[in-house]
Amino acid sequence: MGEIEITDEQIALLVQNGDKDKFSLLMDRYKAKLFRYGRKFLANEDNIDDVVQEVFIKAYQNIRSFDVNQKFSPWIYRIAHNTYINSIKKISRGPIYTFDFDTIVSHPVYEDPSIKEAEEVEIKKMVDTGLEKLRSNYREIVILYYIEELSYKEIADILHIPIGTVGIRLRRAKEALKKAFGEHKNSEHFAKVVQEIKE
Amino acid sequence: MEHNTTKQDNNSSMSDFEKIVLAKINSGQIKMKPKYYFVLKVVLMCIVAFLVLTTSAVLVSFMLFSLRVSGRLFLLGFGGRGLVVFFITFPWFILLADVLFILLFERLVNHFKLGYRSPLLYTLGASAVIVIVGGFALDHISLHERLLHQMQSHRLGAIGGFVYTGVKTPPRQDGVFRGVIATSSGPITNTSFYMTQNDVVMSSSSQATGTMFWHVTLPAGSLFLTRTILPGDSVIVAGDAGSGTIEAYGVTKIEPGEDQ
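Because the structure is predicted, anything quoted here is derived from the model rather than measured.

Novice: Would you explain the interface of chain B and chain A in this entry?
Specialist: Every contact between the two is made by 36 residues of chain B and, on the other side, 49 residues of chain A. Interface area for chain B against chain A, summed over the two sides, is near 3900 Å², with a carbon-plus-sulfur share of 60%. For the interface between chain B and chain A, the tally reads 3 salt bridges. As a salt-bridge pair, E18(B) and K31(A) come within 2.6 Å of each other at their nearest N and O atoms. On inspection of chain B and its partner chain A, the count reaches 6 residue pairs in polar contact (both at pLDDT 80 or more).

Novice: Mind showing me how you'd approach the packing of aromatic side chains here?
Specialist: Given two aromatic rings, their pairing is described by the distance between the two centres and the angle made by the two planes. Enumeration over the complete set of coordinates arrives at 22 aromatic pairs over all chains. Summarising the aromatic geometry, the rings of F66(A) and F72(A) are spaced 5.2 Å apart at their centres and angled 90° between planes, so their arrangement reads as edge-to-face. Accessibility expressed as a relative area gives 4% for F66(A), which makes it buried. A residue is classified by how much of its surface remains accessible, and F72(A), at 0% relative accessible area, is buried. Centre to centre, the rings of F177(B) and W214(B) are 5.3 Å apart; their planes meet at 55°, and the pair counts as tilted.

Novice: How should the packing of helix α3 (residues 48–61) of chain A against helix α1 (residues 16–27) of chain B be read in this particular structure?
Specialist: The relative placement of two packed helices comes down to the angle between their axes together with the axis-to-axis distance. Orientation of α3(A) relative to α1(B), taken along the N-to-C sense of each, is 30°, at an axis distance of 10 Å. With respect to α1(B), the element α3(A) is oriented roughly parallel. Handedness of the crossing formed by α3(A) with α1(B): right-handed. In this structure, α3(A) uses V52(A), Q53(A), F56(A), I57(A) and Y60(A) to contact α1(B), whose residues at the interface are F17(B), I20(B), V21(B), K24(B) and I25(B). Its residues placed into classes, the contact of α3(A) with α1(B) shows 8 nonpolar, 1 polar and 1 charged.

Novice: Where do I start with a nonpolar patch on the surface in this structure?
Specialist: Residue and element names in this part refer to chain B. A surface patch of nonpolar side chains, amounting to about 470 Å² of accessible area, comprises V39, V43, I47, F50 and L51. Residue placement: V43 occurs in helix α2 (residues 35–70). A relative accessible area of 42% means that V43 is categorised as partly exposed.

Novice: Even after reading the chapter, I still don't get the side chain of T123(B), so can you show me in this structure?
Specialist: Residues and elements named next belong to chain B. Checked against the element boundaries, T123 lands in helix α6 (residues 120–140). For T123, the side chain forms a polar contact with the main-chain oxygen of L120, separated by 3.0 Å. Once residues within four sequence positions are removed from consideration, T123 is found in contact with E106, G115 and S118.

Novice: In this structure, what is going on with α3(A)? I would like to understand it.
Specialist: Every α-helix winds through 3.6 residues per turn, so residues three or four apart in the chain are directed the same way. For α3(A), built from 14 residues, the straight-helix expectation of 20 Å at 1.5 Å per residue is met to within 8% by its first-to-last C-alpha distance of 20 Å. Listing the buried residues of α3(A) in full gives I48(A), V51(A), V52(A), Q53(A), V55(A), F56(A), I57(A), A59(A) and Y60(A). Summarising the contacts, the buried residues of α3(A) are in contact with α1 (8–16), α2 (23–42) and α4 (72–91) of chain A together with α1 of chain B.

Novice: Teacher, can you tell me more about unusual backbone geometry here?
Specialist: Most peptide bonds take the trans form, and the phi angle of most residues other than glycine is negative. Residues and elements named next belong to chain A. We note that E149 has phi near 55°; this positive angle belongs to a residue other than glycine. In this structure E149 comes out as partly exposed when scored by relative accessible area, which is 44%. Phi is positive for H160, which is not a glycine, with a value near 60°. As for its placement among the helices and strands, H160 is situated in the loop between α7 (152–159) and α8 (163–183).

Novice: I tried to follow the pattern of salt bridges on my own but got confused; where do I start?
Specialist: Where charged atoms from two side chains of opposite charge come close, those side chains can pair. The final tally for this structure, using the stated rule, is 15 salt bridges over all chains. Across the pair R29(A) and D8(A) runs a salt bridge, and its minimum N-O distance is 2.5 Å. Linking R29(A) in helix α2 with D8(A) in helix α1, this pair joins segments that are 21 residues apart in sequence. Here the two residues R29(A) and D8(A) agree in accessibility, since each one is buried. With a shortest N-O distance of 2.9 Å, D174(B) and R72(B) are connected by a salt bridge. Taken together, the residues span a long stretch of sequence, with D174(B) in the loop between α8 (157–164) and β2 (176–182) and R72(B) in the loop between α2 and α3 (79–89) at a distance of 102 residues. Each of the two residues, D174(B) as well as R72(B), counts as buried. Shared partners join several salt bridges into a network, and the residues in it are D28(A), K31(A) and E18(B).

Novice: Quick question: what am I supposed to make of the environment of L225(B) here?
Specialist: Residue and element names in this part refer to chain B. The residue L225 is located in the loop between β5 (223–224) and β6 (234–241) in this model. Distance in space between the C-alpha atoms of L225 and K253 is 7.5 Å, their sequence separation being 28 residues. Apart from the residues lying within four places of it in its own chain, the contact partners of L225 are G77, F78, V251 and T252.

Basis of the calculations
Residues numbered from 1 in each chain as written. Chains lettered and ligands numbered in written order. Predicted model: local features only at pLDDT ≥ 70, side-chain atom pairs only at ≥ 80, totals over all residues. Heavy atoms only, no water. Contact = heavy atoms within 4.5 Å. Buried area = accessible area lost by both parts, 1.4 Å probe. Salt bridge = Lys/Arg side-chain N within 4 Å of Asp/Glu carboxyl O. Polar contact = N/O pair within 3.5 Å; in protein donor to acceptor, adjacent residues only side chain to side chain. Phe/Tyr/Trp six-rings, centres within 6.5 Å; stacked < 30°, edge-to-face > 60°. Buried < 20%, exposed > 50% of the residue type's maximum accessible area, 1.4 Å probe, protein only. Axes fitted to C-alpha atoms, helices over the stretch in contact; angles between N-to-C directions. Helix = DSSP H or I, 4+ residues; strand = E, 2+ residues; numbered from the N terminus. Parallel < 35°, antiparallel > 145°, perpendicular 65-115°, else oblique. Left-handed = near helix turned anticlockwise from the far one by under 90°. Nonpolar A, V, L, I, M, F, W, Y, C, P; charged D, E, K, R; others polar. Patch = residues over 30% accessible without salt bridge, like charges linked within 9 Å, V, L, I, M, F, W, Y side chains within 5 Å. Areas by Shrake-Rupley, 256 points an atom, 1.4 Å probe, with all protein chains shown as cover. Expected span 1.5 Å × (residues − 1).

The following block contains the structure:
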């Protein structure tokens, strides 16, 4: 069978113009990513299917708000972010996000792909053991940057925060993750994970 | 733009939730919102943001106006005690309302890229600057003076009456009195004089206003900021009021146009 090259933005345009069936292509491309994002972010969510389904329903309902001259990926991730936040709010008693003082002032932005590559392996190992212990905003940014491999700019558009804040929050998230991972060093669970990685 | 490749695979199967979503789409259970919905939403947000900012600027201008016509602004020249009274009698509730409006504006602006990409300090700072400049501009065109005049001519309605009644004459307990030098009740000296105070709210229930006569005394240490005062001069007196008397700690003459 021949391959058809069509961008997400082109598909979105077709859907906007009434070709409803093409929406299945977008679902096909993003379902794995959004499931992965949802599972890591929501952690304790039993009905991940329902939540991801809700994301795609909202995406379809609001597809005409998408500007086809922009990237589709941050747009749908933004919908997913809002949906997952609402899902957490339903089961959580306290506030999800406390006020982030890092959004008050500007921070210098320095996104180094070589540093990211070096850290990626280490961070991905820590994610499975330490992620649940992180605060929601730290957990999410680690997932978006290291697991979903989005850029600072894309993450800023998804979370609606300044680009500089993405860098600062990511740095703090890494520190928190390392600390959480370190606390598991002597635990049986850690030994099991290390064994699984070696295998 | 992203480039992704799809393979037409005869053996690919849709997951259950994809089938559910597509079924809902095809049955019409879920529908795309029309384009004009989003356009209207943006337009509405812009209008609300503009109204919020304008209201905030009007509040700033009213704050400046009330401080000036009530004479409270002159307290800043009456030494430490004047400064303290100024801060105590400052219309903090208007300032608080202003801050809340600016925060509301910030929430609206954050829906747009320009808003959320900028650090909070910059957007709040820019909003505050716009509001303050707008407030000074509205004050410069004498908006509130004209509305006050309309209120005094009973052409402003109930709400306007409520807002502007007593703005020129602060409550007695504030200790700030705006009046006109009188000679019919006694001589003018460096330690005492008489003055009439107009537009005094006599009844809080009816908002009826009248005129009061004061004997103003200036004990040692009080600040008399004008060399001479003459009958008919407008003055601001700050002090403690008793029965028909004011023991002043600060007096200043209002030059023509100074309180406009």
